[in-house]
Structures are given as C-alpha cells and as structure tokens.
Amino acid sequence: MGRLAPAPACVMVIFGIRGDLAKRLLAPALYNLCSAGLLADGFKVLGVDHNEGDDVSIRKDLGDFLREQASSKGSEMGKGEVDERCWSWLADRISYHQAEFEDDAAYSALGKKIEAAGTENALFYLATAPRFFSVVAERLCKAGLLKEDDGRFRRMVVEKPFGEDLDSAKELNRRLLACMAETQIYRIDHFLGKETVRNIMVTRFGNGVFEPLWNRMHIDSVQITAAETVGVEERGAFYDKTGALRDMTPNHLLALLAMMAMEPPNSFDPEAVRAEKGRVLEAIRRYSPEEAAERSVRGQYTAGNVQGKAVAAYRDSPNVDPKSDTETFVALELEVDNWRWAGVPFYVRTGKSMSARDTEIAIQFKAAPRTLFQDLPEGASKPNVLVLQIQPDEGLSLCFHAKQPGPDVELREVAMAFRYADVFPSKPATGYETLIYDVLIGDPTLFNRAQDVENGWAVVMPFLEAWKAGGKVEPYAAGEDGPAGAERLLDGGGRAWRPVGK
Ligand code: BG6
C-alpha cells in the first residue's frame, strides 16, 4: 500500500455510523488508511443514524473506542498508541447527520450536506440492519443522489447479509439495480480483504511449482475450515434466525473456495478475475435436497470450556430460543463440476465455540504409490498436505515425509513452514482498509457481482430445504471441534478432518 496514491476526494456517507460495524471496523480502517497517507485532503465522512448526536459526540465516541482498541492486547488494531495527529486529521472531517432512514425529507438535507462538502464524489456505505438496504438506496435514488453525471462518482457498499435465501437476494439485487447501475454497487465480503486471501492468487499464479499440481490428477481433496472460539455472544437475535450455514457459507467460505479453485485469469483486470471466480461458483454442484441431507452435518454447542473459559450452552445465550435448533456448526461436502476438479471433494466447515481460532485451506495431495514402502504398516505414510493459513497466523506450510535418522527406513511427517510475521513487519489492519480504498478508486475486483451472491445462495438452498424437511442438529460441547458426526462426511476415502488450530 505504501506506493499507492491517495484515493480521490470523496464524501463517505456511512448509514449506521452509531452501529458496531462502523465503530469496530470502519473507523479503525479509515484511521489506518489515513496513517498510510491514502486519504485525500478533500476526504470527508458524513455519518447518518437515528440516534441523537452531533459532530462533537460522534468524533469523541469513535476516538475513545479507537484508543481503547489500540491499547488492548490482541486487537486487530495492533498494540500501541493512536497517532493523535492522524486521528485529529480524520476526526475533523467527520460530521453527523441525524435522520430516520425511511424519512424522505432527510435525504434532501443530506444532499445539501454532500454539496457543501466541496467534492461531488460520494460513497454511500450501508452499515445498517439489512432491512434498510433497499430503503436507503431507493430514497437516495429518488433524491437524485445516485446520479453519476459530470464525471462525479456515486458508489454504494452493501454489507452482508445480502438476503437470507436465494429469493430475497434476488429481490434485493432487483431493487438495488432499479436505483443504480451494477458498476456502482460494491457487495462486500470482508474475508476478501484479508491479506492471505488476496495472497492465494499470488501463491498460485506467481509461482511455477504449485499450479501444475493444482487439479484432480494430483489433489485428493480440499478442506476449508473457519473455526471460531467466539460463541454467539450478544448477537442471539440475529444469529438464531440465521445459523452458521447462512452466516458464513454463501459468502466467506465460498469466497475462499472460489479463490482456491478458479482458473488463472487472463489478467488482473477486475472483470477477468471476477469472471473466473464467478465460473467456480456456477460450477459448484446444486444438490437435490436428499443429496444435501447426506452431505451435510450440523451441530449446536452445549455448555463447555473454550480455552480455559467456561461457556454456557448456545440455547442459554441471550435472545436465543431455549429450544432452538439453529446450527452453530456446519460441515458440507461440495463438488466443483468442471474439468479441473471433477471428482475432488471440497469439505468445508465452520463453527462457533470451537477449540481454536483457525481459518485455513488445506489441500491434500494423492498419496505416493506404496511400492517402495510395502513393509511399513498401513498408515505409516500420510498424504502430503499444503496448508494456506489465513488466520490467526498467516502463512503457508507443506507437510511431507523425511527419513527418520537411524539404520531403519522409517518415515516421519515434517513440515516446511512460512509465516508472514517472520518476514514482513505486521501492520495493524482490520481487513476493511483495502476494500474501502478499492471502492474509493473504483476497483471492484474483490467485490461480488449480482450473480455471484445469487450463485452462493443457490449452492446452500438445498441444504436449507433438506434441513427444513427433517434431520437433527447434533450437539457438541463448547471447546470441541463440532459434533462427532462430522467425521461421517469424510468416511470411506481414508480422509479425516484436520485437527483445528494445529
Ligand atoms: C461475520 C459473521 O461475517 O464473520 C460472524 O457474521 C463471524 O459470525 C465473522 O464471526 C468472522 O469474521 P472474522 O474476520 O472474525 O474471521
């Protein structure tokens, strides 16, 4: 980022500035962009929300939170102090506009404030509850604020969840596209802002060694894991209606799968990259509900212990139905029906209150022939595995066999590992920095097109349908890595889930 130019001047209008996302992620990301010198002098933030407030109180609240984050160990803002000069540069540019999102009149007042900001460019960031996404877009459109004439840009970032099933995602796309052009819409998936996720393309296409092996001839199976130690916390009302499948799969897990499985694009042109990622989503097999039932396992955590801390059962969490059947863990077997991947299972799993925080893509290669090692006991040699570690310790490792020293030929599994932190100084980042910068410069590479979100939902719909028809959520104690039944998915091919966090 160091060599990039500051993004063009713009008013960033954040709807929902009083919410958690704006406070925890957007304000820190803007601060980091400001420290990196990537915001132009004419950059302004106009926060919109229904709570009482003014410019002074919003600046104070965001600043206090930033300082608290910066001083707390393990936060993504990194350790250390806030650079007060930088924060005051940003704070001076933040103002508050109190308004109800449904109130038409508020939008003409908003238009005047944008005009007064001294730049014609505007980025509307929908950090609100999803029910307001089209409400806000339609009112902005009616007030003429989405028109891109005279060389000015008007862009909109739409947060997740983008719909709650295929029909509602289509409906949301329809309503947004009635207000503006597809090129103005940036559907965000914050996983794509993570450094290692972006690095998947460089690993694959910037090295000669991996790509020749990256296909069904050499790869046995792929495991994608997004394990979390956090439970449902204070999000019961949202989560109990949503569950792990909707919350993480059509977006984050499929985004990882698409990066891992895509064909090399012709260039890094945004449309070339998005087209290749989109083709993977199109090629994921749409199961019948019966197939989906067979190829999925869902779990819900009961009381347990996560990293030494007692955790109450999901059903005892605030705003969760005490009889809830919502899954807090899901494991699926997916298939990508194209030439490169035919017959290679993609196992994906995600869950809350698991033993460790661990997001990774593990590529298991086909085992070498046993011809030379027939005397060794079955299982003495394991398949090679390449792991792309996404968080918390970003890196890449390859597990392979070495000869144990001594007179006998005994194989021992060892790993060659590269940790980002050992080579590159870490910079505090929330993952939103790149994404916000990209919207400001108009680069949609890492954002989803309308059909991508619809394809994501089309993949998960059969699972939702199958579960509606019956079947059980299997319990796992908080601190375990999903229900015992999750192993069932991998049975038969000499495969097992990788231990989480190891
Ligand atoms: C969000 C989900 O989109 O991603 C959360 O709604 C989840 O439930 C989070 O915890 C995980 O993101 P990260 O960046 O913390 O891995």
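Residues numbered from 1 in each chain as written. Predicted model: local features only at pLDDT ≥ 70, side-chain atom pairs only at ≥ 80, totals over all residues. Heavy atoms only, no water.

Trainee: Which residues make up the packing of helix H9 (residues 270-283) against helix H13 (residues 450-469), and what values do they have?
Mentor: The interhelical angle for the contact between H9 and H13, taken along N-to-C directions, is 25°, at an axis separation of 9 Å. Taken together, the axis directions place H9 and H13 in an arrangement best described as roughly parallel. Handedness of the crossing formed by H9 with H13: left-handed. Contacts between H9 and H13 involve Gly-278, Leu-281 and Glu-282 on the former and, on the latter, Asp-452, Asn-455 and Val-459. Residue composition of the contact of H9 with H13, grouped by class: 2 nonpolar, 2 polar and 2 charged. (Axes fitted to C-alpha atoms, helices over the stretch in contact; angles between N-to-C directions. Helix = DSSP H or I, 4+ residues; strand = E, 2+ residues; numbered from the N terminus. Parallel < 35°, antiparallel > 145°, perpendicular 65-115°, else oblique. Left-handed = near helix turned anticlockwise from the far one by under 90°. Contact = heavy atoms within 4.5 Å. Nonpolar A, V, L, I, M, F, W, Y, C, P; charged D, E, K, R; others polar.)

Trainee: Describe in detail the packing of aromatic side chains, supporting the description with residues and values.
Mentor: A complete count under the given rule lists 16 aromatic pairs for this structure. Plain terms: the ring middles of Tyr-186 and Phe-447 are 5.1 Å apart, the flat faces sit at 80° to each other, and that makes the pair edge-to-face. Of the two residues, Tyr-186 sits in strand S6 (residues 185-187) while Phe-447 sits in the loop between helix H12 (432-441) and H13, which places them 261 residues apart along the sequence. Ring centres 6.5 Å apart and planes at 90° place the aromatic pair Phe-418 and Phe-424 in the edge-to-face group. (Phe/Tyr/Trp six-rings, centres within 6.5 Å; stacked < 30°, edge-to-face > 60°.)

Trainee: Kindly report on the site of the ligand, identifying the contributing residues and their values.
Mentor: In the region of the ligand, the neighbouring residues are Lys-160, His-190, Phe-191, Lys-194, Glu-228, Arg-235, Asp-247, Met-248, His-252, Lys-352, Arg-357 and Gln-391. Contact distances for the ligand include 2.7 Å between an oxygen atom and a side-chain N or O atom of His-252. The side chain of Lys-352 places a nitrogen or oxygen atom 2.7 Å from an oxygen atom of the ligand. In isolation the ligand offers 400 Å² of accessible surface; the protein chains occlude 81% of this area. (Near = heavy atom within 4 Å. Polar contact = N/O pair within 3.5 Å; in protein donor to acceptor, adjacent residues only side chain to side chain. Areas by Shrake-Rupley, 256 points an atom, 1.4 Å probe, with all protein chains shown as cover.)

Trainee: How would you sum up the pattern of salt bridges? Please name residues and give values.
Mentor: One side chain can pair with another of opposite charge once the charged atoms of both are near each other. One pass over the structure, following the stated rule, counts 30 salt bridges. In this structure, the salt-bridge partner of Lys-60 is Asp-64, at a minimum N-O distance of 2.7 Å. Of this pair, Lys-60 and Asp-64 both sit in helix H2 (residues 55-71), 4 residues apart, which is roughly one turn of the helix. Residue Arg-279 is joined to Glu-276 by a salt bridge in which the shortest nitrogen-to-oxygen separation is 2.9 Å. Linking Arg-279 with Glu-276, this pair stays in helix H9, spanning 3 residues, or about one helical turn. (Salt bridge = Lys/Arg side-chain N within 4 Å of Asp/Glu carboxyl O.)

Trainee: So, the nonpolar core: which residues are in play, and what are the values?
Mentor: Core analysis: the biggest nonpolar cluster contains 153 residues, and Phe-15, Leu-257 and Leu-334 have the highest contact counts within it. Top contributing element to this core by residue count: helix H8 (residues 236-261), with 13 residues. The residues that make up this core include at least three from each of domain 1 (11-159) and domain 2 (192-365 + 449-485). Not counting residues up to four positions away in its chain, the partners in contact with Leu-257 are Ile-224, Val-280, Ile-284, Leu-334, Val-336, Phe-346 and Val-348. (Core = buried A, V, L, I, M, F, W, Y, C linked by side-chain atoms within 4.5 Å. Buried < 20%, exposed > 50% of the residue type's maximum accessible area, 1.4 Å probe, protein only. Domains from an automatic or database assignment.)

Trainee: Tell me about the sheet that holds strand S2 (residues 44-49), and name the residues and values.
Mentor: The parallel open sheet is built from 6 strands, whose spatial order is S3-S2-S1-S4-S5-S6. Pairing within the sheet leaves two strands with one partner each, and these edge strands are strand S3 (94-98) and S6. Neighbour to neighbour, the strand axes of the sheet diverge by 20° on average, direction disregarded. In terms of strand pairing, strand S1 (residues 11-15) meets strand S4 (residues 122-126) through 5 bridges, oriented parallel. Counterpart to Ile-14 in the pairing with S4 is Tyr-125. (Pairing = 2+ DSSP bridges.)

Trainee: How would you explain the side chain of Arg-155 if you had to name every residue and give the values?
Mentor: Inspection of the secondary structure assignment puts Arg-155 in strand S5 (residues 154-158). Within the buried core, Arg-155 has no salt-bridge partner, and the shortest N-O distance to an opposite charge, that of Glu-148, equals 4.9 Å. Leaving out residues up to four positions away in the same chain, Arg-155 has contacts with Ala-122, Leu-123, Phe-124, Gln-184, Tyr-186, Val-439, Leu-440, Ile-441 and Gly-442. (Lys, Arg positive; Asp, Glu negative; His and termini not counted.)

Trainee: For unusual backbone geometry, give the residues involved together with the corresponding values.
Mentor: In this chain, Lys-160 is followed by Pro-161 through a cis amide linkage whose omega measures 0°. Mapped onto the elements, Pro-161 comes out in the loop between S5 and helix H6 (166-177). Omega for the bond connecting Gln-391 with Pro-392 falls within 30 degrees of zero, at 5°, which places this linkage in the cis form. By the element assignment, Pro-392 lies in the loop between strand S14 (385-391) and strand S15 (395-403). Despite not being glycine, Ser-353 has its phi angle at roughly 55°, a positive value. Relative accessible area serves as the criterion here: at 1%, Ser-353 is assigned to the buried category.

Trainee: Which residues make up the sheet that holds strand S17 (residues 474-477), and what are the values?
Mentor: Spatial strand order, S16-S15-S14-S13-S7-S12-S11-S8-S17: 9 strands in an open sheet with mixed pairing. The sheet terminates laterally at strand S16 (411-419) and S17, the two strands that pair on one side only. Across this sheet, the average inter-strand angle for adjacent strands is 20°, counted without regard to direction. Pairing of S14 with S15 involves 5 bridges; the strand directions are antiparallel. The residue of S15 that forms the bridge with Gln-389 is Gly-395. Here helix H7 (residues 195-205) sits on the sheet and contacts strand S13 (358-365), S14 and S15; the angle it forms with S14, its principal contact strand, is near 145°.

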